[in-house]
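Descriptive structure summary
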Amino acid sequence: MTAPLVSILDDEPEIRRMLVDALEEAGFRTLAFGRATEFEAALRTTAPDVCLVDLSLPDRDGLALVHRLALERGAAVIIISGRAQVQDRVTGLELGADDYITKPFDPAEVVARIRARLRRDGPAARSADIARFSGWTAAFDRFVLIDDAGEETPFSHAEGEVLRLFLGRPKRLISREAMQEALGGVAGESFDRAMDVRISRLRTKLREDPKNPRLIKTIYGAGYIFLADVDWS
């Protein structure tokens, strides 16, 4: 079985070396880049399982790159940044990152976070990759929603985690605490804001009426309920 591939983008050589050493010792394959242009060029021919991305890059806005990766790639995206403010964390998660690690960090923590993320995305979690509900098909192998006319709408890796959670527990209340436990991340304002944004985007992609959504219902003070019947295949 091929080891998971982690692509690292950080302009500090010592950080790259530290991450490469820790990840390869833990059994991962790695690619490391100091510039976004090199990183993006490699993505044309490789498909990493996880992307570690620093926000302070010499040739590209890190947040814009994270947003593009979240929308266009199937890889999990983990930000590693010296920006420790809550707003930076919130913004990164809102733009589609799956996790946010602040510098300085313990390499063992990065390895543990990656392993936890891959467990949630692994074969045991993906008993099926296609779900049908209410005229829609969610193809998790391609990260697209398909309507009954065949029109496709892409969704991000982070949005897909939330959608899979809803589709796996239809017509059951899912509390914020249950979402945090299932999806990982640190509970608090940044997690809550990220969930709000991801659910709002899913509603838009499912063409929900924001004032009266029929699929993803908010139960104020309690959580959410996904109201459709779901057929997995």
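Residues numbered from 1 in each chain as written. Predicted model: local features only at pLDDT ≥ 70, side-chain atom pairs only at ≥ 80, totals over all residues. Heavy atoms only, no water.

With that settled, consider helix α6 (residues 157-168). If you check α6, its first and last C-alpha atoms are 16 Å apart, about what 12 residues at 1.5 Å a residue would give, namely 16 Å. Burial of α6 is extensive: 11 of the 12 residues sit out of reach of the surface. For α6, every residue scored as buried is listed here: His157, Ala158, Glu159, Gly160, Glu161, Val162, Leu163, Arg164, Leu165, Phe166 and Leu167. (Helix = DSSP H or I, 4+ residues; strand = E, 2+ residues; numbered from the N terminus. Expected span 1.5 Å × (residues − 1). Buried < 20%, exposed > 50% of the residue type's maximum accessible area, 1.4 Å probe, protein only.)

Moving on, we come to the domain arrangement of the protein. You can read the domains of the protein as domain 1 (5-118) and domain 2 (130-232). Its C-alpha centre places domain 1 at a distance of 25 Å from the equivalent point of domain 2. Taken together, the contact between domain 1 and domain 2 spans 17 residues of the former and 15 residues of the latter. Here domain 1 and domain 2 share an interface that buries about 1300 Å² over both sides, 49% of which is from carbon and sulfur atoms. Of all residues in domain 1, Leu93, Glu94 and Arg117 bury the most surface against domain 2, accounting for 34% of the area lost on that side. Taken together, domain 1 and domain 2 are joined by one salt bridge. Between Arg117 and Glu161 there is a salt bridge, with its nearest N and O atoms 2.5 Å apart. (Domains from an automatic or database assignment. Contact = heavy atoms within 4.5 Å. Buried area = accessible area lost by both parts, 1.4 Å probe. Salt bridge = Lys/Arg side-chain N within 4 Å of Asp/Glu carboxyl O.)

Right, let's talk about the pattern of salt bridges for a bit. For the coordinates displayed, the defined rule picks out 16 salt bridges. Arg68 serves as the salt-bridge partner of Glu40, at 2.4 Å between the closest nitrogen and oxygen. Of this pair, Glu40 sits in helix α2 (residues 36-43) while Arg68 is found in helix α3 (residues 62-72), placing the two residues 28 residues apart along the sequence. We classify Glu40 as buried; its relative accessible area is 13%. For Arg68, a relative accessible area of 35% gives the class partly exposed. Among the ionic pairs, Lys171 bridges to Asp229, the shortest N-O distance being 2.7 Å. One end of the pair, Lys171, is in the loop between α6 and α7 (176-183); the other, Asp229, is in the loop between β11 (223-226) and β12 (231-232), with 58 residues separating them in the sequence. Overall, the relative accessible area of 49% leaves Lys171 in the partly exposed class. Salt bridges here are not isolated pairs; linked through shared partners, they connect Asp10, Glu12, Asp54 and Lys103.

Turning our eyes to something else, we now look at the pairing of strand β2 (residues 29-33). The sheet contact formed by strand β1 (residues 5-9) and β2 spans five bridges and is parallel. In the sheet register, Ile8 faces β2, and the bridge partner there is Ala32. In this fold, β1 hands off to helix α1 (residues 13-25), which returns the chain to β2; that crossover is right-handed. (Pairing = 2+ DSSP bridges. Right-handed = clockwise from strand over helix to strand, strands pointing away.)

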